[in-house]
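Results of the structural survey
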Amino acid sequence: MTLKLLAPEDYEAFKRIRLEALRMTPEAFPSSEKDWAALPDEEWRRRLTNNAVVVSFRGEEPVGIMGLMPQQAAKMAHRATIVMVYLRANERGGGRAVAMLDLLLEHARTLGVRQVELAVSAENPAAKRFYLREGFQEIGRIPGGLIHEGREIDEIMMARRLVA
Ligand SMILES: CC(C)(COP(=O)(O)OP(=O)(O)OC[C@H]1O[C@@H](n2cnc3c(N)ncnc32)[C@H](O)[C@@H]1OP(=O)(O)O)[C@@H](O)C(=O)NCCC(=O)NCCS
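Quick summary incoming for the structure in this document. (Residues numbered from 1 in each chain as written. Predicted model: local features only at pLDDT ≥ 70, side-chain atom pairs only at ≥ 80, totals over all residues. Heavy atoms only, no water.)

Details of the pattern of salt bridges
Convention followed: In the sections that follow, a salt bridge refers to a side-chain nitrogen of Lys or Arg positioned within 4 Å of a carboxyl oxygen of Asp or Glu. The classification of residues rests on relative accessible area computed with a 1.4 Å probe and restricted to protein chains. Under 20% of the type maximum is buried, over 50% is exposed, and intermediate values are partly exposed.
Enumeration according to the criterion identifies 13 salt bridges in this entry. Between glutamate 91 and arginine 96 there is a salt bridge whose closest N-O contact spans 3.1 Å. One exposure class covers both glutamate 91 and arginine 96, and it is buried. Between arginine 141 and aspartate 154 there is a salt bridge, and its shortest N-O distance comes to 2.8 Å.

Written out as structure tokens, the structure reads:
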């Protein structure tokens, strides 16, 4: 298993695993595959410049991804949102997800991030349990936060402190 914090020139790997995630588990993400598939390469590179993205590789092949979006406003710069969490189905349950999270949080600390937050679909109990096991707490719920296939689904908000 190899883990990498991607640089903008690694955008091909980003593209491959992000589009796989949106295609394989569309119910888990607010974005659609269609929108991301239409992005020009310079936009993929730009997204790697603005956000930190960790990818897990099996050999040369990207099999998992996790991103970090730091808040921009000065008084919120100690917070960041975890996004794009995905691991290929046959790679699950083997510790790769925790390894990706550990590297992402190590990087977040170097940026001065004190708290990470995320939103998970209320209909995704496996992911929610993963986050709870990893020290996230449920902090709220957005009723009808997502509309997936014409149906409103609540979003669960979670947070984990990185400092005491
Ligand atoms: C969220 C995710 C990255 C967690 O990675 P993981 O390797 O499955 O993490 P864990 O090993 O902690 O397992 C999570 C759950 O999946 C179960 N699981 C284990 N091996 C599995 C496998 N081979 N296939 C499917 N599920 C498996 C685990 O038992 C656990 O369920 P439990 O809480 O009932 O015990 C991964 O499940 C995933 O990519 N899911 C699809 C995308 C997604 O939901 N993203 C979250 C968006 S907020």
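Section: the site of the ligand
For clarity, the threshold we go by: Proximity is defined per residue: any heavy atom of the residue falling within 4 Å of a molecule or strand makes that residue near it. We define a polar contact as two N or O atoms separated by no more than 3.5 Å, with the added condition that, inside protein, one atom must be a possible hydrogen donor and the other a possible acceptor, whereas residues neighbouring each other in sequence contribute only through side-chain atom pairs. Computed by Shrake-Rupley with a 1.4 Å probe, the accessible areas treat only the displayed protein chains as cover when residues are assessed. Secondary structure elements follow DSSP: runs of H or I of four or more residues count as helices, runs of E of two or more count as strands, with numbering from the N terminus. Under the convention adopted here, Pro, Cys and the residues Ala, Val, Leu, Ile, Met, Phe, Trp and Tyr are nonpolar, Asp, Glu, Lys and Arg are charged, and Gly plus all remaining residues are polar.
Surrounding the ligand, one finds 18 residues, the nearest of these being Val85, Leu87, Gly93, Asn124 and Arg129. Between an oxygen atom of the ligand and a side-chain N or O atom of arginine 92, the distance comes to 3.4 Å. With respect to the ligand, the side chain of asparagine 124 contributes an N or O atom lying 2.7 Å from an oxygen atom. In the complex, the protein chains occlude 71% of the 930 Å² of accessible area that the ligand would expose alone. Of all the elements in the fold, those that place two or more residues in the shell around the ligand are strand 4 (79-87), strand 5 (115-121) and helix 5 (125-133). Considering each element in turn, the shell around the ligand owes the most residues, six residues, to helix 5. Grouping the amino acids of the shell around the ligand by side-chain chemistry returns 12 nonpolar, three polar and three charged.

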